Amino acid sequence: MRRRAFLALIALPAAVLSVVAGPAAASGGGEKKAAGPASPYVRMPILTATVRKRNGKRGVLTVETGLDVPDPKVRELAEASTPRLRAAYFQVLQTYANGLAPGAPPNADFLGRELQRETDRVLGRPGARLLFGTILMN
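Along each chain, the written sequence defines residue order, and numbers are assigned to residues from 1. Where local features are concerned, this predicted model is filtered to residues with pLDDT of at least 70; where side-chain atom pairs are given and counted, the filter is 80 or more; whole-chain, interface and lining totals use all residues. As a rule here, side-chain values come from all non-hydrogen atoms in the structure, and water together with hydrogens is ignored.

A.B. asks: I tried to follow the overall build of the protein chain on my own but got confused; where do I start?
C.D. replies: Secondary structure summary: the protein chain contains five helices and four strands in total. Secondary structure counts use DSSP, requiring at least four H or I residues in a row for a helix and at least two E residues in a row for a strand, with both numbered from the N terminus. If you list the helices and strands of the protein chain from N to C, you get α-α-β-β-β-α-α-α-β. Relative to its full complement of 138 residues, the protein chain shows a buried share of 28%. Between buried and exposed lies partly exposed: a residue is buried under 20% and exposed over 50% of the maximum accessible area for its type, with that area taken using a 1.4 Å probe on protein chains only.

Structure follows, in structure tokens:
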């Protein structure tokens, strides 16, 4: 019982300090400094599409993508256009998966070319390069 009271007394000054001085004082720092330039990488949500397996059952084609955008203005546009890019990517991926022969592996070169074309179309200008993380078929 005394141990609990002792631990409560130790934690009490930190709790009072955080309430009185605010979260910046409790964390031990004042103003946070910028860590440097923003990353040129824009992560996109994972895309999935339904495919047919050799045995006739349904499978899932999963594609993980991202964008390399060195120009800050184009990066801001790409981040704001993420929902439109995702919709365009999904349309391309689903169309491709519907035409894929059962059990055939996906063609990464074709997918990359088509998704890059959609990236340039949605953004209205070149400057964002599509990157693949993984392409999985289950």
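A.B. asks: Explanation requested: the packing of helix 4 (residues 82-99) against helix 5 (residues 108-123) in the structure shown.
C.D. replies: Angles shown run from 0 to 180 degrees and are taken between the N-to-C directions of axes, each axis being a line fitted to C-alpha atoms and, for helices, limited to the stretch in contact. For the pair helix 4 and helix 5, the least separation of the axes is 10 Å and the interaxial angle reads 150°. Our classification of the angle between helix 4 and helix 5 gives roughly antiparallel. Classified by chirality, the crossing of helix 5 by helix 4 is right-handed. Taking contact as the criterion, the partners of Arg 84, Leu 85, Ala 88, Tyr 89, Val 92, Leu 93 and Tyr 96 in helix 4 are, on helix 5, Phe 110, Leu 111, Glu 114, Leu 115, Glu 118, Thr 119, Arg 121, Val 122 and Leu 123. Between 65 and 115 degrees an angle is taken as roughly perpendicular, under 35 as roughly parallel, over 145 as roughly antiparallel, and anywhere else as oblique. It is the rotation of the near helix from the far one that decides the hand of a crossing: anticlockwise by less than a right angle makes it left-handed, clockwise makes it right-handed. Contact criterion: two residues are considered in contact whenever any of their non-hydrogen atoms come within 4.5 Å of each other.

A.B. asks: What is the right way to read helix 3 (residues 72-80) from this model?
C.D. replies: An α-helical turn contains 3.6 residues, so any two residues separated by three or four positions project in the same direction. If you check which residues of helix 3 are buried, you get Val 74, Arg 75 and Ala 78. For helix 3, the buried positions fall inside an angular range of 105° around the axis, keeping them on one side. Turned more than 90 degrees off the buried face of helix 3, the exposed positions are Lys 73, Glu 76 and Ala 80. Along its buried surface, helix 3 packs onto strand 1 (41-43), strand 3 (58-68), helix 4 and helix 5. Directions pointing from the helix axis toward each C-beta atom define the arc.

A.B. asks: What is the right way to look at the packing of helix 3 against helix 4 in this model?
C.D. replies: In helix packing, the relevant descriptors are the interaxial angle and the interaxial distance, both defined with respect to the helix axes. Relative orientation of the contacting elements helix 3 and helix 4 amounts to 65°, with a least axis distance of 5 Å. Accordingly, the angle class assigned to the pair helix 3 and helix 4 is roughly perpendicular. Of the residues in helix 4, those touching helix 3 at Ala 78, Glu 79 and Ala 80 are Thr 82, Pro 83 and Leu 85. Amino acids outside the nonpolar list (Ala, Val, Leu, Ile, Met, Phe, Trp, Tyr, Cys, Pro) and the charged list (Asp, Glu, Lys, Arg) are all regarded as polar, and Gly is one of them. Grouping the constituent residues of the contact of helix 3 with helix 4 by class yields four nonpolar, one polar and one charged.

A.B. asks: Explain helix 4 to me, please; I cannot follow it from the model alone.
C.D. replies: Given a helix with a known number of residues, its expected span is that number minus one, times 1.5 Å. Its 18 residues place the ends of helix 4 26 Å apart at the C-alpha level, agreeing with the 26 Å of an ideal helix rising 1.5 Å per residue. Residues of helix 4 that are buried: Thr 82, Leu 85, Ala 88, Tyr 89, Val 92, Leu 93, Gln 94, Tyr 96 and Ala 97. Here the buried face of helix 4 lies against strand 2 (47-52), strand 3, helix 3, helix 5 and strand 4 (129-137).

A.B. asks: Where do I start with the nonpolar core in this structure?
C.D. replies: In a soluble, globular protein the nonpolar side chains are often hidden away together inside. Here, nonpolar core refers to any group of buried Ala, Val, Leu, Ile, Met, Phe, Trp, Tyr and Cys residues whose side-chain atoms link them within 4.5 Å. With 25 residues, the main nonpolar core has Leu 67, Val 69, Leu 85, Tyr 89 and Leu 93 as its most contacted residues. Those elements giving two or more residues to this core turn out to be strand 2, strand 3, helix 3, helix 4 and helix 5. No other element matches helix 4, which puts seven residues into this core. Ignoring sequence-local partners within four residues, the contact set of Leu 85 consists of Met 44, Leu 67, Ala 78, Glu 118, Thr 119, Val 122 and Leu 123.

A.B. asks: Help me understand the confidence of the model for the protein chain, please; the structure alone is not making it clear to me.
C.D. replies: The predicted coordinates ought not to be read in detail in places where the model reports low pLDDT. Within a predicted model, pLDDT stands for the predictor's per-residue confidence, ranging from 0 to 100. Taken residue by residue, the protein chain gives an average pLDDT of 82. The fraction at 70 or more is 73%. Looking at the elements of the protein chain, mean pLDDT is at its lowest for helix 2 (residues 23-26), recorded as 48, and at its highest for helix 5, recorded as 96. Scored below 50 in pLDDT, residues 15-20 shows four contacts in the model against residues more than four places distant or in partner chains.

A.B. asks: Is there a simple way to think about the pairing of strand 2 in this case?
C.D. replies: Two faces belong to every sheet, and in a regular strand the side chains alternate between them. Here strand 2 shows one buried face, formed by Leu 47, Ala 49 and Val 51, and one open face, formed by Thr 48, Thr 50 and Arg 52. Being paired, for any two strands, means DSSP has found at least two bridges between them. Between strand 2 and strand 3, which pair antiparallel and follow one another directly, the connecting turn spans five residues, one of which, Gly 56, has a positive phi of 90°.

A.B. asks: Help me out: how do you make sense of the environment of Leu 123 in this one?
C.D. replies: Position of Leu 123 among the secondary structure elements: in helix 5. Along the primary structure Leu 123 and Arg 75 are separated by 48 residues, whereas in three dimensions their C-alpha atoms are 9.9 Å apart. In this view, Leu 123 contacts Val 74, Leu 77, Ala 78, Ser 81, Leu 85 and Ala 128; residues no more than four positions away in its chain are not counted.

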